[in-house]
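# Coordinate analysis (summary)
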Amino acid sequence: MITQMMVQPSFWVESGIKLSKVRSIYLFKFTEELQSRLEGLSEKKKAGLLTPEEDAELAGILELDRIFTLLNAKIISES
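Described in the following lines is the structure provided in the data block. (Residues numbered from 1 in each chain as written. Predicted model: local features only at pLDDT ≥ 70, side-chain atom pairs only at ≥ 80, totals over all residues. Heavy atoms only, no water.)

### A look at the pairing of strand E1 (residues 17-22)
Each regular strand carries side chains that alternate between the two faces of the sheet. Quick note on the threshold: Two strands pair under a simple rule: DSSP has to find at least two bridges between them. Working definition: helices are DSSP H or I runs of at least four residues, strands are E runs of at least two. Numbering for both runs from the N terminus.
Across 6 bridges, the pairing between E1 and strand E2 (residues 25-30) is antiparallel. Bridged to Leu 19 within E2 is Phe 28. Counted between consecutive antiparallel strands, the loop separating E1 from E2 contains 2 residues, among which Arg 23 sits at a positive phi close to 55°.

### Remarks on the packing of helix H1 (residues 32-46) against helix H2 (residues 52-78)
When two helices pack together, their arrangement is given by the angle between the helix axes and the distance between those axes. To be explicit about the condition: Working convention: axes come from line fits to C-alpha atoms, limited for helices to the stretch in contact. Angles between N-to-C directions cover 0 to 180 degrees. Oblique is the label for any angle not under 35 degrees, not over 145, and not in the 65 to 115 range, which are roughly parallel, roughly antiparallel and roughly perpendicular in turn. By definition, any crossing whose near helix is turned counterclockwise from its far helix by less than a right angle is left-handed, and any crossing with a clockwise turn is right-handed. Contacts: residue pairs with any heavy atoms within 4.5 Å of one another. Put simply, Ala, Val, Leu, Ile, Met, Phe, Trp, Tyr, Cys and Pro go in the nonpolar bin, Asp, Glu, Lys and Arg in the charged bin, and everything else, Gly too, in the polar bin.
Taken N-terminus to C-terminus, the directions of H1 and H2 make an angle of 125°; their axes are 10 Å apart at the nearest point. For the element pair H1 / H2, the angle class is oblique. For the element pair H1 and H2, the recorded crossing hand is left-handed. Touching Leu 34, Arg 37, Leu 38, Leu 41, Ser 42, Lys 44 and Lys 45 of H1 are Glu 54, Asp 55, Glu 57, Leu 58, Ile 61, Leu 62 and Leu 64, all from H2. Tallied by class, residues from the contact of H1 with H2 come to 7 nonpolar, 1 polar and 6 charged.

### Looking at H2
The line we're drawing: A helix is expected to span 1.5 Å multiplied by its residue count minus one. Under the scheme applied here, a residue whose accessible area is under 20% of the maximum for its type counts as buried, over 50% as exposed, and between as partly exposed, the area being computed with a 1.4 Å probe on protein chains only.
Compared with an ideal rise of 1.5 Å per residue, which puts 27 residues at 39 Å, H2 spans 39 Å between its outermost C-alpha atoms and is within 8% of the ideal. Restricting attention to buried positions, one finds in H2 the residues Glu 54, Ala 56, Glu 57, Leu 58, Ala 59, Gly 60, Ile 61, Leu 64, Phe 68 and Asn 72. Buried residues in H2 make contact with E1, E2 and H1.

### Regarding the packing of aromatic side chains
Our working definition: Centre distance within 6.5 Å is the pairing criterion for rings of Phe, Tyr and Trp, where only the six-membered ring of Trp is used; planes under 30 degrees apart are then read as stacked, over 60 as edge-to-face, and the remainder as tilted.
The full count for this structure, using the stated rule, is 2 aromatic pairs. With a centroid separation of 4.9 Å and 5° between ring planes, the pair formed by Phe 28 and Phe 68 is classed as stacked. Of this pair, Phe 28 sits in strand E2 while Phe 68 sits in helix H2, placing them 40 residues apart in sequence. An aromatic cluster of three or more residues is present, and its members are Phe 28, Phe 30 and Phe 68.

### A short note on unusual backbone geometry
Even without a glycine there, the phi angle at Arg 23 is positive, about 55°. Secondary-structure assignment places Arg 23 in the loop between E1 and E2. Looking at Arg 23, the relative accessible area reads 80%, which means it is exposed.

Here you go:
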């Protein structure tokens, strides 16, 4: 069994997350900086250039993205 290291998603809650009004509801979104970081790390991963630390950071951001996708879907379905 391989253990994967990950930066905890809560690391970005204060600096990488914003609430954005979409129509009449507020949804969780990444800040421009966190979105850019996600895209940059994803490109490096595709090129096979990620360090272990960057791989752990990418795993944390992707987990946060999955969490927000689920939360936003629930918010939308209940509005």
